[in-house]
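Here are the chains, one letter per residue:
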Amino acid sequence: MKQVPIMGIPFSRIDHKTLIKKLDEHVMREEKSFVITANPEIVMQANADTTYMKNLHKANYITADGIGIVRASQLLNDPLPERVTGYDLMLDLLEIANIKGYKIFLLGTYAEALARVERNLKYHYPDIEIVGTHDGYFDWDSNTVTEQVKAAEPDLTFVALGAPKQEKWIAENIDSFDKGVFLCVGGSFDVIAGDVKRAPAVWRRHNIEWLYRLLKQPRRWRRMTALPKFAFNIIKKKLKGSS
Ligand code: UDP
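Reference entry: report on the structure contained in this document. (Residues numbered from 1 in each chain as written. Predicted model: local features only at pLDDT ≥ 70, side-chain atom pairs only at ≥ 80, totals over all residues. Heavy atoms only, no water.)

### Some thoughts on the packing of helix α2 (residues 40-48) against helix α3 (residues 50-57)
A packed helix pair is summarised by two numbers, namely the angle formed by the two axes and the spacing between the axes.
Next, step 1: Contact pair α2 / α3: the axes reach a minimum separation of 5 Å and the direction vectors enclose 125°. In terms of orientation, α2 lies oblique with respect to α3. When α2 is examined against α3, the residues Ile-42, Gln-45, Ala-46, Asn-47 and Ala-48 are found in contact with a partner set consisting of Thr-50, Tyr-52, Met-53 and Leu-56.
Next, step 2: Residues that form the contact of α2 with α3 fall into these classes: six nonpolar, three polar and no charged. (Axes fitted to C-alpha atoms, helices over the stretch in contact; angles between N-to-C directions. Helix = DSSP H or I, 4+ residues; strand = E, 2+ residues; numbered from the N terminus. Parallel < 35°, antiparallel > 145°, perpendicular 65-115°, else oblique. Contact = heavy atoms within 4.5 Å. Nonpolar A, V, L, I, M, F, W, Y, C, P; charged D, E, K, R; others polar.)

### Quick look at the site of the ligand
Next, step 1: Around the ligand sit 15 residues, and of these Thr-109, Gly-136, Lys-165, Asp-190 and Arg-223 come closest.
Next, step 2: A distance of 3.1 Å separates an oxygen atom of the ligand from a polar atom in the backbone of Gly-187.
Next, step 3: Taking Asp-190, its side chain carries an N or O atom lying 2.7 Å from an oxygen atom of the ligand.
Next, step 4: In isolation the ligand exposes 550 Å². Once the protein is present, 82% of that is buried.
Next, step 5: Residues of the shell around the ligand, tallied by class, amount to four nonpolar, six polar and five charged. (Near = heavy atom within 4 Å. Polar contact = N/O pair within 3.5 Å; in protein donor to acceptor, adjacent residues only side chain to side chain. Areas by Shrake-Rupley, 256 points an atom, 1.4 Å probe, with all protein chains shown as cover.)

### Considering the nonpolar core
Next, step 1: Counting 41 residues, the largest nonpolar core has Ile-6, Phe-11, Trp-169 and Phe-230 as its most contacted members.
Next, step 2: With near-sequence residues (within four places) excluded, Trp-169 lies in contact with Leu-107, Phe-138, Trp-140, Val-145, Thr-146, Val-149, Val-159, Leu-161 and Phe-177.
Next, step 3: The next biggest cluster of nonpolar side chains, apart from the first, holds 35 residues, and it includes Val-35, Leu-89, Ile-104 and Leu-156. (Core = buried A, V, L, I, M, F, W, Y, C linked by side-chain atoms within 4.5 Å. Buried < 20%, exposed > 50% of the residue type's maximum accessible area, 1.4 Å probe, protein only.)

### Description of the pairing of strand β2 (residues 9-12)
A regular strand carries its side chains on alternate faces of the sheet.
Next, step 1: Residues Ile-9 and Phe-11 of β2 are buried on one face, and the alternating residues Pro-10 and Ser-12, pointing to the opposite face, are buried as well.
Next, step 2: Looking at chain direction, strand β1 (residues 3-6) and β2 are connected through four bridges and run antiparallel. Bridge pairing links Ile-6 to Ile-9 in β2.
Next, step 3: Hairpin connection from β1 to β2: two residues lie between these consecutive antiparallel strands, with Met-7 at a positive phi of about 45°. (Pairing = 2+ DSSP bridges.)

### Some remarks on the packing of α3 against helix α8 (residues 165-173)
Next, step 1: Their axes nearest at 9 Å, the elements α3 and α8 cross at an angle of 65°. Of the possible angle classes, the one that applies to α3 and α8 is roughly perpendicular. For the crossing formed where α3 meets α8, the hand is left-handed. Of the residues in α8, those touching α3 at Tyr-52, Asn-55 and Leu-56 are Glu-167, Lys-168 and Ala-171.
Next, step 2: By residue class, the composition of the contact of α3 with α8 is three nonpolar, one polar and two charged. (Left-handed = near helix turned anticlockwise from the far one by under 90°.)

### Here's the deal with helix α5 (residues 86-100)
Next, step 1: Over its 15 residues, α5 runs 21 Å from end to end, which matches the ideal 21 Å to within 8%, given 1.5 Å per residue.
Next, step 2: Those residues of α5 not exposed but buried are Gly-86, Tyr-87, Leu-89, Met-90, Leu-93, Leu-94, Ile-96, Ala-97 and Asn-98.
Next, step 3: In the segment just after α5, Gly-101 is the residue with positive phi, at about 70°. (Expected span 1.5 Å × (residues − 1).)

### Considering the pattern of salt bridges
Next, step 1: One pass over the structure, following the stated rule, counts 18 salt bridges.
Next, step 2: The shortest N-O distance in the salt bridge between Glu-118 and Lys-122 comes to 3.3 Å. Highlighted residues: Glu-118 and Lys-122, both in helix α6 (residues 111-124), separated by four residues, approximately one helical turn.
Next, step 3: For Asp-178, the salt bridge goes to Lys-150, with nearest N and O atoms at 3.6 Å. Separated by 28 residues along the polypeptide, Asp-178 in the loop between α8 and β8 (180-184) and Lys-150 in helix α7 (residues 145-152) bring together distant segments of the chain.
Next, step 4: A residue is classified by how much of its surface remains accessible, and Lys-150, at 40% relative accessible area, is partly exposed. (Salt bridge = Lys/Arg side-chain N within 4 Å of Asp/Glu carboxyl O.)

Geometric values such as these leave the question of function open.
Here's what the structure looks like:
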């Protein structure tokens, strides 16, 4: 698959629909796959942390979660087809899982919210099989999460530990697993649990989902300072390229 490099991150030139089809094929063939949906914050963080950069390079697919990445690819004359978010991938994979009876593992968020996620998923997708869950607040150095996931043999594992933890967790553990799709889904569990509302469609259509999230969760402002730094880097690269 064609890659679009942005500040050292090899983004996959793939649209949402094609990726869903590919991930379903990986499940059917019992292949392993690691999917990251990256935004400018993740790109900036990887550029400041070589271990994290190496973790990201272990992924099979890195998509543009965030309009900033799509715009950057356009500016650098190597356009990515569209935004492909973790939340949208998760919902479409759940639809397929419900039809095919796939096994699901849920990893992340607080135990109380996670129980609500499990309940809501069972209600909306009665034919999926939830083979395991674990909250996202375990001791990093001494835990049995990897063993639990391995023993459960899930077809799809949704990892909602937030960035950079979720990418690090999959990168450090993927070699222990024999099969399955491992997808980073950030704050998606909080939306499914009913704790956080996703931006209404009109905000998403106008590419200002980030603004909606900032207004709803003002504590995010500090993380968003990565955005202008990212933009500055891309413009610098663009000017260098055209001079
Ligand atoms: N989280 C977790 N363990 C941690 C830190 C975070 O399970 O050690 C969860 C947190 O409860 C939330 C999600 O990870 O459900 C992160 O959400 P956020 O909106 O920060 O993620 P983003 O999509 O911005 O990466």
